[in-house]
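# An overview of the molecular structure
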Protein chains: 4
Amino acid sequence: VTRVHVVGASGYAASEAIRILRKHPNVRLGALESATHAGERIGAHAPSLRALDRTYDAPGTTLAVLAEGDVALHAGRAHEAAALVPALLARGARVIDFSDRFRSTAVSGEAVYGFPERYADAIARARLVANPGCYPTATLLAVWPLEVFAAGIEQIVVDAKSGISGAGRAPLTGSLFAEVAGDVRAYGLAGHRHAPEIVAELAALGIEAPLTFTPHVVPLSRGMLVDAYAICSYELADDALAAAYRRCYASNPFVRLLPPNQAPNLPGLVGTNDAEIHLSRSGRVVRVLCAIDNLGRGAAGQAVANLNLMLGLPTGTALDDRIVA
Amino acid sequence: VTRVHVVGASGYAASEAIRILRKHPNVRLGALESATHAGERIGAHAPSLRALDRTYDAPGTTLAVLAEGDVALHAGRAHEAAALVPALLARGARVIDFSDRFRSTAVSGEAVYGFPERYADAIARARLVANPGCYPTATLLAVWPLEVFAAGIEQIVVDAKSGISGAGRAPLTGSLFAEVAGDVRAYGLAGHRHAPEIVAELAALGIEAPLTFTPHVVPLSRGMLVDAYAICSYELADDALAAAYRRCYASNPFVRLLPPNQAPNLPGLVGTNDAEIHLSRSGRVVRVLCAIDNLGRGAAGQAVANLNLMLGLPTGTALDDRIVA
Amino acid sequence: VTRVHVVGASGYAASEAIRILRKHPNVRLGALESATHAGERIGAHAPSLRALDRTYDAPGTTLAVLAEGDVALHAGRAHEAAALVPALLARGARVIDFSDRFRSTAVSGEAVYGFPERYADAIARARLVANPGCYPTATLLAVWPLEVFAAGIEQIVVDAKSGISGAGRAPLTGSLFAEVAGDVRAYGLAGHRHAPEIVAELAALGIEAPLTFTPHVVPLSRGMLVDAYAICSYELADDALAAAYRRCYASNPFVRLLPPNQAPNLPGLVGTNDAEIHLSRSGRVVRVLCAIDNLGRGAAGQAVANLNLMLGLPTGTALDDRIVA
Amino acid sequence: VTRVHVVGASGYAASEAIRILRKHPNVRLGALESATHAGERIGAHAPSLRALDRTYDAPGTTLAVLAEGDVALHAGRAHEAAALVPALLARGARVIDFSDRFRSTAVSGEAVYGFPERYADAIARARLVANPGCYPTATLLAVWPLEVFAAGIEQIVVDAKSGISGAGRAPLTGSLFAEVAGDVRAYGLAGHRHAPEIVAELAALGIEAPLTFTPHVVPLSRGMLVDAYAICSYELADDALAAAYRRCYASNPFVRLLPPNQAPNLPGLVGTNDAEIHLSRSGRVVRVLCAIDNLGRGAAGQAVANLNLMLGLPTGTALDDRIVA
């Protein structure tokens, strides 16, 4: 049984991670730090954790109690990660960081990008895993199988729709109910902070086509749909396309390839680590829809999958639930 | 044409007031002050005002430009009203204050409680009108006609459901989409700040029965439903009850008494100054449902009605729209 | 391992029951009948069951395959229950019926009302369990502990707010998104079909006070909040009140008594069999808020709890998840 | 004053048209036919029309009362339009048809496609106007100014998000609240019925590039956002692009060209005939976002604009409101 600490424990993604870890047979919870809510009851901030009879620990608790072999989930911001993660590593912890601080190879050093389908072996050995963002996760799931056709892809257009929990629990005007309800709000129109992460990972797949990325906030708390359009220089063969997706996902228990007449459904994914993918083609345009729970596969679920890899456990440990939202 | 200034102009109620006043034939807009957004484009904060080509004025603008005979809507907080409203009055303006600063007779001095159905004459002469809160407005509309039965009322239970815009545009965690969506959240369980206002106004009607008041936030931006239950010491006669409501509202263009098989509908009220009332009785319990737009009749619409009274205009001027939400 | 069949398997409550039963260690799924969708893939209608690789069985399948010792969940309508349930019993099945056909003692004969907190022993021996409606369930959870004060209760007012899934998956105009969104819709104003069930169960507790019951549809898919107000003839002692609720619920793993400053939260309950209760008193009025998932504790969760009792298993088997909506 | 009849008057688009026409200074309402709700009170089905004290007229009323010079809005289905519209025309009415029956030139004969920005003169003379669908309207508004660059456009990708009211008020399972809430549902993945209308109108502009069209239902009642991506064979000059949009829309009171840092906002458009457009370019991809109210500019608002053209009135008559949703 491995002790897992959570720093920044009162956010949405951290709460979801704690919810999953409570049921994890090989994990026990260590420190649950929150700078903003230290000393307050966890259930007052995380309704799904009301049965957990604890208060948030004060900042610094993880460093104080850390023992060799513990794992720390860092769910704070990038600048906090920059300050704390090296100290956690120096004390012998293995770390999974939710921020984008260590995602780019330039600054990552020993960090491994935590996309299990691609980097399972490196994750298993890693001391620091950079947990991918939700937009890059859904986009990579959609586009990864196209790497075998990379030379023929001329443009990639990604039109993404996300629930507002992706913006976190910070009280921002743009996250207010009265601002989000009734709207479909495009943002980052002059450039979104996640676009470089997507471009870098696509490049790692050999896909160098220009990316046009448009994220939108839609009126839901959780869930994300990415519509990825690959404009190719020729018409790809349908059977080769389908075969590429089956090769990547047929044995992946967390990815469902949908039949042609079935669209992804977000409520059925909320609370799971699953993804649903719909593939079709019209002329030179390949269209791939990918749906995930932005807090599940897009954050906490993927973090637990990475944790499982790091601990040598089956990837799906504690992730095999099928819940309804 | 009267010049109307708005202080605290970037909030939800103020934006709605500006939207209505733009179409008001006897009004032109003066200063539109915002302490938080001075100098920024109005349309960036108030989508319904995107066609209004202006920026927010700096704090102090109203005082600087004020002329005798102008009207100022004060839509800031109570402590700001305490500081600014006397100065505005001293400069010759008439004022409508949206906060609860001047609602209680104890502090109000010359303030008149802006419930047009009851205090039309005093409002017409008032230099300072305290615009009622949304909960008191809906509750008074529901209960006022019962004043003739006041002696027989033993208890009043008010179970209220409000859209989140009633909490204002301040970025509070409890107003976030991800906190409001999917929930019906009771609050103020140990006492709500609007309860004394309701109790005081009911007492002014002669209704002294104890009040149990439970407000809830429901997942909608605008709209409010109040279910008021009057527990009486005897069974009221149905025809006398119905007659009391007709007497109060039959000639009121802003109140619709619904037939027994029709419930109030909130979307049809949003953007209007209207109220819908459903009355029924079972044994010794009289049940009255009252629906309003919390930003319309519950704030901006009522303010404009009060403005109309102050200016000697028909109460419904600029308020006769029927819009769809 | 007991085989469990589901009749009327494509509805919301039935889908939730199947979702829970898939994880039940002592159950395997038998027939999953749907008259409207026989032969169609289950995942096309129930997103939470997309990983279940099956089609709906044709009507009559349960009767055809039934064996002694099987259990059948009947999730169809009352008139269908009237026709089918006796045949299922005659073939040796034990039955849990979701409709209101067998809830009233007048017609029930051997049926036991499936409220585990009150009737656990009878449920354990029952061949037919009438699964309570969601409104009666939440109301009973709120009011049951007051039975010791029954003589002092003069009136009961129940103001209930429900997600629309309680109306089922039938395509009704009143259940359309564009009708439900933005509204808080009271209904059954002339009398709701669940009121007699509540009255009868309260009477069984010795609580004979008149009931005023107002159900509302609120804009959420799942979740229910009941605000129950008991108007008493004298002021109950707060410690006696609190003790009564602790006596009923302190050892009940599915009911959380909330501290005075914490309101029930619906999203944290969705997908669980849990209930949250908030108790307070003001003068002669006792106010009890009770929140449940209408499809969980209000339908499928309670059905599984009853199933567990019938099979001699711990009540919470397969019900101990804590999920997030 | 022209008498205007509405056939199929209980649908969402028809209700919105009636709401607008009630305030139209040059119109009085004639027959308001509904086959499904004849004889029932209008306010029971259309909350925004509760103040309209009328019942729906029986089918056939329009034909019976029609006089030379009347206008009929046909808001029924395409097959009903095929049967009734010729009869209405034969009786001397001018007709605006909301269905897609007369939109394609092949069947339209004398019908004029009711897109005012392009066909104002023909509409003014038309006896039959085919009111465009909401998806084609938003797409044309987004793409029309690109006609001057038609030769350079290689592919067009349109990713559209619509409120569910676009599916009408028919009680369909897919339109239920519990199916729409929490989801972003792509549909028509094998081909949407509106795609040919878009292709045909783009061709009329000289834009012959292949279209990939993906409509989605998002959890809102009203509002539509179209993200149109034009993949070009070369990098268009930004100033020429901007000039093209200004040329089309600078003097159009119903279209707002947004600054680069401002995204379209749907709630601010609901109830209006307005559109908001955001234009940007990245490399060879031109991205145009266009937002409308699907029941406003996408249906009833555009119908009234067409009516105004047919009557020789200013296009914006009765359409100059700015409301808040």
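Here, residues in each chain are numbered from 1, in the same order as that chain's written sequence. Chains carry letters and ligands carry numbers; both start at the beginning, A for chains and 1 for ligands, and go up in the order they are written. Only residues with pLDDT of 70 or above have their local features reported here, since the model is predicted, and side-chain atom pairs are shown and tallied only from 80 upward, although totals for entire chains, interfaces and linings are computed over all residues. Computation of side-chain values covers all heavy atoms of the structure but excludes hydrogens and water.

### Concerning the overall build of chain A
Condition: Each helix is a run of H or I in the DSSP string that is no shorter than four residues. Each strand is a run of E no shorter than two, and both are numbered from the N terminus. The globule rule is 2.2 Å times the number of residues to the power 0.38, and the radius of gyration it is compared with is taken over C-alpha atoms. Only protein chains enter the accessibility calculation, which uses a 1.4 Å probe. A residue is then buried if its area is under 20% of the maximum for its type, exposed if over 50%, and partly exposed in between. Note on contacts: a residue pair qualifies if any of its non-hydrogen atoms lie within 4.5 Å across the two residues. With residues, only the protein chains shown are counted as cover, and all accessible areas are computed by Shrake-Rupley using a 1.4 Å probe. Counted as positive: Lys and Arg. Counted as negative: Asp and Glu, with His and the chain ends omitted from the count. By convention, the point assigned to a charge is CZ for Arg, NZ for Lys, CD for Glu and CG for Asp.
Per the secondary structure count, chain A includes 10 helices and 13 strands. A globule of 325 residues ought to have a C-alpha radius of gyration of about 20 Å, and chain A, at 19 Å, matches this closely. Principal-axis analysis of the C-alpha atoms places the extent of chain A at approximately 60 × 45 × 35 Å. By the burial criterion, 64% of the 325 residues in chain A qualify as buried. Of the contacts made within chain A by residues no fewer than 6 positions apart, 71% connect residues no fewer than 24 positions apart. Summed over all atoms, the accessible surface of chain A reaches about 10500 Å², with 53% contributed by carbon and sulfur. Considering chain A, the positive charge centre built from 29 side chains and the negative charge centre built from 30 side chains are found 4 Å apart.

### A closer look at the side chain of asparagine 252 of chain C
Residue and element names in this part refer to chain C. Convention followed: Identification of polar contacts relies on pairs of N or O atoms within 3.5 Å, with a donor-acceptor requirement for protein atoms, meaning one able to donate a hydrogen and the other able to accept it, and with residues adjacent in sequence counted only if both atoms are side-chain atoms.
Relative to the elements of secondary structure, asparagine 252 occurs in the loop between helix H9 (238-249) and strand S11 (255-257). Of the polar contacts made by the side chain of asparagine 252, one reaches the side chain of glutamate 117; its length is 2.8 Å. From its side chain, asparagine 252 meets the backbone nitrogen of phenylalanine 254 in a polar contact 2.8 Å long.

### Let's talk about the relation of the copies chain A and chain D
Threshold: To line up the copies, we fit them by least squares on C-alpha atoms, keeping just the residues with pLDDT of at least 70 in both.
With an RMSD of 0.0 Å, the fit of chain A onto chain D corresponds to turning through 180° and sliding 0.0 Å along the axis. Between the two chains, the operation in question is that of a two-fold axis. In terms of C-alpha distance to the rotation axis, chain A has proline 219 of chain A as its closest residue, with the C-alpha 3.2 Å off the axis. A share of 100% of the interface residues of chain A reappears at the interface of chain D, consistent with the copies meeting face to face through the same patch.

### A look at the interface of chain A and chain D
Here is the rule we go by: The quantity reported as buried area is the accessible area (1.4 Å probe) lost by two parts once they are put together, taken as the sum for both. What makes a salt bridge here is a side-chain nitrogen of Lys or Arg within 4 Å of a carboxyl oxygen of Asp or Glu, nothing more. Under the scheme applied, nonpolar residues are Ala, Val, Leu, Ile, Met, Phe, Trp, Tyr, Cys and Pro; charged residues are Asp, Glu, Lys and Arg; polar residues are all the others, including Gly.
Chain A puts 34 residues into the contact, and the matching count from chain D is 35 residues. Contact with chain D buries area across many residues of chain A, yet Val184, Leu189 and Arg287 of chain A alone supply 19% of it, more than any other trio. Between the two partners, chain A and chain D, sit 2 salt bridges. At the level of elements, strand S7 (153-162), strand S9 (211-217), strand S10 (224-232) and strand S13 (285-292) of chain A are the ones that each hand at least two residues to the side of chain A that touches chain D. Examining the composition of the side of chain A that touches chain D, we find that 5 residues originate from one element, S7 of chain A, more than from any other. Taken together, the residues of the side of chain A that touches chain D break down into 19 nonpolar, 8 polar and 7 charged.

### Digging into the sheet that holds strand S2 (residues 27-33) of chain B
All names here are of chain B. Filter applied, for reference: Think of it this way: DSSP has to see at least two bridges between two strands before they count as a pair. To obtain an axis, a line is fitted to C-alpha atoms, over the contacting stretch when the element is a helix, and the angle between two such axes runs from 0 to 180 degrees between their N-to-C directions.
Ordered by their spatial adjacency, 6 strands build an open sheet running S2-S1-S3-S4-S6-S5, and the pairing between neighbours is parallel. Either end of the sheet is taken by a strand with one partner, and the two such strands are S2 and strand S5 (112-113). Packed on one face of the sheet, helix H10 (residues 296-311) meets strand S1 (2-7), S2, strand S3 (71-74), strand S4 (94-97) and strand S6 (128-130) and runs near 160° to S4.

### Notes on the interface of chain B and chain A
Across the boundary between the two partners, chain B contributes 17 residues, which contact 17 residues of chain A. When the two sides are added together, the surface that chain B and chain A hide from each other amounts to roughly 1500 Å², 64% of it contributed by carbon and sulfur. It is Pro171, Leu176 and Phe177 of chain B in chain B that bury the most area against chain A; as a group they hold 42% of the surface buried on that side. The shortest N-O distance in the salt bridge between glutamate 179 of chain B and arginine 169 of chain A comes to 2.9 Å. For the pair chain B and chain A, the number of links is 6 residue pairs in polar contact (both at pLDDT 80 or more). Along the lines of polarity and charge, the residues of the side of chain B that touches chain A split into 12 nonpolar, 3 polar and 2 charged.

### Considerations on the relation of the copies chain B and chain A
Once chain B has been moved 0.0 Å along the axis and rotated by 180°, it coincides with chain A to within an RMSD of 0.0 Å. The share of interface residues of chain B whose copies in chain A are also at the interface is 100%, consistent with both copies meeting through the same surface.

### Regarding the sheet that holds strand S5 (residues 112-113) of chain D
Residue and element names in this part refer to chain D. With parallel pairing, 6 strands are arranged side by side in an open sheet as S2-S1-S3-S4-S6-S5. Looking at the sheet topology across the chains shown, the edges are occupied by strand S2 (27-33) and S5. Two elements, strand S1 (residues 2-7) and S2, share 5 bridges in a ladder whose sense is parallel. Residue pairing in the sheet places arginine 3 in a bridge with arginine 28 of S2.

### Some thoughts on the pattern of salt bridges
All names here are of chain A. Using the criterion set out here, one finds 76 salt bridges over all chains in the structure. Close ionic contact of arginine 281 with aspartate 238 constitutes a salt bridge, the shortest N to O distance being 2.7 Å. Taken together, the residues arginine 281 in strand S12 (residues 275-282) and aspartate 238 in helix H9 (residues 238-249) connect sequence positions 43 residues apart. Take aspartate 238: its relative accessible area is 44%, and that puts it in the partly exposed class.

### Comments concerning the packing of helix H6 (residues 134-143) of chain B against helix H8 (residues 195-204) of chain B
All names here are of chain B. To keep it simple, the criterion reads: Here roughly perpendicular refers to angles of 65 to 115 degrees, roughly parallel to angles under 35, roughly antiparallel to angles over 145, and oblique to all remaining angles. Crossings are sorted by hand: turned counterclockwise from the far helix by less than a right angle, the near helix makes the crossing left-handed, and turned clockwise it makes it right-handed.
Relative to each other, H6 and H8 sit at 30°, their axes nearing to 9 Å. It follows from the interaxial angle that H6 and H8 lie roughly parallel. Crossing geometry of H6 relative to H8 is assigned as right-handed. On H8, the residues that touch Tyr135, Pro136, Thr139, Leu140 and Val143 of H6 are Glu197, Ile198, Glu201 and Leu202. Along the lines of polarity and charge, the residues of the contact of H6 with H8 split into 6 nonpolar, 1 polar and 2 charged.

### Thoughts on H10 of chain B
All names here are of chain B. Here is the rule we go by: Here, expected helix span is obtained from the residue count minus one, scaled by 1.5 Å. Throughout, bend refers to the angle between the axes fitted to the seven residues that end at a position and the seven residues that start at it.
An ideal rise of 1.5 Å per residue puts 22 Å on 16 residues; H10 reaches only 20 Å between its terminal C-alpha atoms. At glutamine 302, H10 is deflected by roughly 40°, the largest bend along its length. Taken across its 16 residues, H10 has 15 buried, putting it largely inside the fold.

### Remarks on the packing of helix H1 (residues 12-22) of chain D against helix H10 (residues 296-310) of chain D
Helix-helix packing is characterised by the crossing angle of the two axes and by the distance between the axes. Residues and elements named next belong to chain D. Close contact between H1 and H10 brings their axes to 8 Å; oriented N to C, the two are set at 50°. Comparing the axis directions of H1 and H10 gives the class oblique. You can see that H1 and H10 cross each other, and the crossing is right-handed. Residues Ala13, Glu16, Ala17, Ile20 and Leu21 of H1 pack against Ala299, Ala300, Gly301, Val304 and Leu307 of H10. Class assignment for the residues of the contact of H1 with H10 results in 8 nonpolar, 1 polar and 1 charged.

### A short note on the environment of alanine 44 of chain A
Residues and elements named next belong to chain A. Of note, alanine 44 is situated in the loop between strand S2 (27-33) and helix H2 (61-65). For alanine 44, a relative accessible area of 46% puts it in the partly exposed group. Note: C-alpha distance between alanine 44 and isoleucine 198 (154 residues apart in sequence) is 36 Å.

### Some points on the state of the cysteines
Basically, it comes down to this: Cysteine sulfur atoms that come within 2.5 Å of each other are treated as a disulfide pair.
Taken as a whole and assessed by the stated rule, the structure comprises 0 disulfides over all chains. The cysteine cysteine 232 of chain A is free of any disulfide, with cysteine 248 of chain A supplying the nearest cysteine sulfur at 15 Å. No disulfide involves cysteine 248 of chain D; its sulfur sits 12 Å from that of cysteine 290 of chain D, the nearest cysteine.

### Quick look at the confidence of the model for chain A
We apply this condition: A residue's pLDDT is the predictor's confidence in that residue, given on a scale from 0 to 100.
For chain A, mean pLDDT is 94; residues scoring 70 or higher make up 97% of the total. We note a pTM of 0.96 for the whole complex and an ipTM of 0.96 for its interfaces.

### Comments concerning the pairing of S12 of chain A
Residue and element names in this part refer to chain A. Relative to S12, strand S11 (residues 255-257) is paired through 3 bridges, and the arrangement is parallel. Across the sheet, the residue bridging to valine 255 is alanine 275, located in S12. With 8 bridges joining them, S12 and S13 adopt antiparallel strand pairing. The residue of S13 that forms the bridge with arginine 281 is valine 286. Counting the residues in the hairpin turn of S12 and S13 gives 2 residues, including glycine 283, whose phi is positive at 60°.

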